[in-house]
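# Remarks on the overall topology
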Amino acid sequence: MIPQKLDEGNDTYGLLAYLYGPGRRDEHTNPHMIAAWDPYIDDPARSPDMTISDLALLLDAPVFAMRGKKPKLHVYHVAVRNDEKDRILSDEEWAEIAREMMHASGIAEHDDDEACRWVAVRHADDHIHLVATKVREDGRQPNLRGDIFKMQAAARLFEEQLGLRRLKNGDKTAARWRKPGELEKAERRGLSEAPRVTLQRTVREAAAAATSDADFFERLAASGLRVKQRIAPADGNLTGYSVALPGDRNPEQTPIWFSGTRLAPDLSLPRIRERWMHPVPAPRAAPAEMWRIAEEKVREAAGRLGAEGLHHGAGEVAALGDLIVVAAIVSPRLVRDQIRQAAGEFERASRAPGDRALEGQARALYRESAQVLSQSAAAVGHNNAAAALGFLLALVQAVEAARRWHEAQEHRVHAQASGRAGRLLREAVEVTAGASAAREYRPRPKRSATRPAAGQRAAAAPGDRPMAGVVQEAVPKHARVILADPAWPTLRNVLVELERAGEDPVDVLATVAARRELSSAESVAEVLSWRLVGWRNQRGATADAPAGTRPSSTAGGGTGRSTAPTRKAAPAPRRRPPGDEPRKGPRRTR
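For clarity, every value in this text was computed on a predicted model and none was experimentally measured.

Moving on, we get to the nonpolar core. By size, the foremost hydrophobic cluster in this structure holds 55 residues, and its most contacted members are Leu320, Leu323, Ile339, Tyr366, Leu373, Phe391 and Leu395. Discounting residues that sit within four places of it in the chain, Leu320 has contacts with Phe346, Tyr366, Leu395, Ala398, Val399 and Ala402. Ranked by size, the runner-up nonpolar core spans 31 residues in total, among them Trp94, Met101, Ala132 and Leu164.

Below, the structure is given as structure tokens:
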């Protein structure tokens, strides 16, 4: 829950008309009042005896009656918004939140009959608007010192009380809040995400891989963004930058620029320059070797994370965040989406509160790993899942070390972000393991179909066989746990799809189960589902490849025999049956 103080003004009626209206893009649904300074005030949306003008006059009455100098901007406006993943609160719950926020801000403390007048309007599921006038009934002005911090403290209590996503006050590490107008504009343009999100991800990818100012701006330009540098007029030094998405313009048809600070707290130019303040070696490596080199460095860094002190740990998790971003760029296409999502989840964890030390050993190792992956440009698109498996396992170990470090520092939100990133990386590991098993698979010879004897049941059609029996035959050691797992329905559906595609579900499930141990898995059914997804995607990619690019039978796990292409024989002459000779027509007379 985030209380956000919006711009103050002097037009009470104009603000209420907007809140009760359809919105700029018809985004307001069912606008209505949920609470007010007086519980008996009628709602203009539901009562014919009250209009928006009447409500504005009632709110402004203490301002008009005030003696002496009136405040220049007397309209107080706060929006309280929940996370999009939170449950939808009722009007009664929002009303309680509104009263507590007005008490915490100093607008209307509890049991104060001379407090300011205010109303709470709701026109969406996830947020409300609080509108007040900054003159009390007794003619004095309210004490609003520290109002937003007090409202944030109240929001933390409601998050715990109502079971909402829990945030943390004042560490300045949260991502910038996306405005509703940005999402609506993206929908109108047919974009999958707001321009701010696209810009943030592109700038972060360039910063994670860059080694200097020039390299950073070259990468931005190569990505297709519009870039504007800010030069100090006094000495000509570069002091900042802004980026814009091509085609993203305001009503005046000028580009909408975002500075690095507006994108994320760690994307300002001074914070970006921290990445190459202490240069690290960047050797080039072959695609097959770069994963091994990076894996060794990441495993060593994971064991040292936070060992040199609090400030060093903060710098080391920041470098780990950059490494995951680079890994998402050069990873096999099979798991690129999972690693990119993991990089997004770990973004908050990479911004630890407080100061950062930039010379830690683990930080240097993470930076070296990122440079190895980034400089090996030939690896982009190199879909060698087997070579990347060891690196992904090391990355899971590093993220788990970061989670434990955040928990030790009582960074609860950052530890949760690390946990979500680790889960996505574990999924990538298991998908990669399944794909590797598919590449090395040697299918067993299929049994010839026999007609069932009298009294025997015919074999089930593909997809109709009970999958519980498949599990008991393929992995008898884990069958009982799998069948009781909440993820069992998902695994069953994947097995049905494999059988309908012509695969032997018993053979395939036994193969992926033997690929890696299962005893440490929190959900064995979920892990097997991930491996089977990797198997299915790898087999589908092999089947869809052109004939000249498919792996040989040896690489695919076949018999290893190479068969020469056979020519299509010419059709043998067809013998006519007796009596089918062509009839002769009558002779022509001369």
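With that settled, consider the packing of aromatic side chains. Under the defined criterion, the tally for this structure stands at 6 aromatic pairs. Ring geometry for Trp291 and Phe391: centres 5.4 Å apart, planes at 50°, overall tilted. Remark: Phe391 occurs in helix H14 (residues 385-408) and Trp291 occurs in helix H10 (residues 287-304); sequence separation between them is 100 residues. One aromatic cluster is present, built from ring pairs that chain together Phe216, Phe217, Tyr241 and Trp276.

Their axes nearest at 7 Å, the elements helix H12 (residues 336-350) and helix H15 (residues 412-439) cross at an angle of 165°. Of the possible angle classes, the one that applies to H12 and H15 is roughly antiparallel. Between H12 and H15 lies a crossing whose hand is left-handed. Of the residues in H15, those touching H12 at Gln338, Ile339, Gln341, Ala342, Glu345, Phe346, Arg348 and Ala349 are Val413, His414, Ala417, Ser418, Arg420, Ala421, Leu424, Leu425, Glu427, Ala428 and Val431. Grouping the constituent residues of the contact of H12 with H15 by class yields 11 nonpolar, 4 polar and 4 charged.

What follows covers helix H7 (residues 213-222). Within H7, burial applies to Asp215, Phe216, Phe217 and Leu220. Lining the buried residues of H7 we find helix H6 (195-209), strand S6 (226-231), strand S7 (238-244) and helix H9 (269-273). One or two steps after H7, the chain reaches Gly224, where phi turns positive at roughly 95°.

Pairing is antiparallel across the open sheet formed by 5 strands, whose spatial order is S1-S3-S5-S4-S2. Only two strands of the sheet have a single neighbouring strand rather than two, namely strand S1 (2-5) and strand S2 (32-36). Sheet twist, expressed as the mean angle between neighbouring strand axes with direction ignored, is 25°. Across 4 bridges, S2 lies against strand S4 (residues 118-122) in antiparallel orientation. The residue bridging His32 from the neighbouring strand is Arg122, located in S4. Running at roughly 45° to S2, helix H3 (residues 91-105) makes contact with S2, strand S3 (75-81), S4 and strand S5 (127-133) of the sheet.

Attention now moves to the pattern of salt bridges. Proximity of charged atoms lets side chains of opposite charge pair with each other. Enumeration over the complete set of coordinates arrives at 38 salt bridges. Here Arg292 and Glu296 are joined by a salt bridge, their closest N and O atoms 2.9 Å apart. Linking Arg292 with Glu296, this pair stays in helix H10, spanning 4 residues, or about one helical turn. For Arg292, a relative accessible area of 38% translates into the label partly exposed. According to the relative accessible area criterion, Glu296 is partly exposed, its value standing at 46%. The closest approach of N and O atoms between Glu400 and Arg404, which form a salt bridge, is 3.7 Å. Residue Glu400 and its partner Arg404 are located together in helix H14, separated by 4 residues, close to a single helical turn.

The next point concerns the sheet that holds strand S8 (residues 258-259). An order of S6-S7-S8 is seen for the 3 strands of this open sheet, with the pairing classed as antiparallel. The open sheet has two free edges, formed respectively by S6 and S8, since each of these has just one partner strand. Sheet topology places S6 next to S7; 6 bridges connect them, and they run antiparallel. Looking at S7, one finds that Arg230 is bridged to Gly240. This element, H6, spans S7 and S8 of the sheet and lies at about 130° to S7.

It is worth spelling out the side chain of Asp147 at this point. Along the chain, the position of Asp147 falls in helix H4 (residues 147-162). Of note is the side chain of Asp147, whose polar atom sits 2.8 Å from the side chain of Lys5. A polar atom in the side chain of Asp147 sits 2.8 Å from the side chain of Tyr76. The residues touching Asp147, leaving out its near neighbours within four places in the chain, are Lys5, Tyr76 and Ser105.

What follows covers the environment of Ala104. Relative to the elements of secondary structure, Ala104 occurs in helix H3. In this structure the C-alpha to C-alpha distance between Ala104 and Phe149, which are 45 residues apart in sequence, comes to 9.0 Å. Beyond its immediate sequence surroundings of up to four residues, Ala104 is in contact with Lys150, Met151 and Ala154.

Criteria and cut-off values
- Residues numbered from 1 in each chain as written.
- Predicted model: local features only at pLDDT ≥ 70, side-chain atom pairs only at ≥ 80, totals over all residues.
- Heavy atoms only, no water.
- Core = buried A, V, L, I, M, F, W, Y, C linked by side-chain atoms within 4.5 Å.
- Buried < 20%, exposed > 50% of the residue type's maximum accessible area, 1.4 Å probe, protein only.
- Contact = heavy atoms within 4.5 Å.
- Phe/Tyr/Trp six-rings, centres within 6.5 Å; stacked < 30°, edge-to-face > 60°.
- Helix = DSSP H or I, 4+ residues; strand = E, 2+ residues; numbered from the N terminus.
- Axes fitted to C-alpha atoms, helices over the stretch in contact; angles between N-to-C directions.
- Parallel < 35°, antiparallel > 145°, perpendicular 65-115°, else oblique.
- Left-handed = near helix turned anticlockwise from the far one by under 90°.
- Nonpolar A, V, L, I, M, F, W, Y, C, P; charged D, E, K, R; others polar.
- Pairing = 2+ DSSP bridges.
- Salt bridge = Lys/Arg side-chain N within 4 Å of Asp/Glu carboxyl O.
- Polar contact = N/O pair within 3.5 Å; in protein donor to acceptor, adjacent residues only side chain to side chain.

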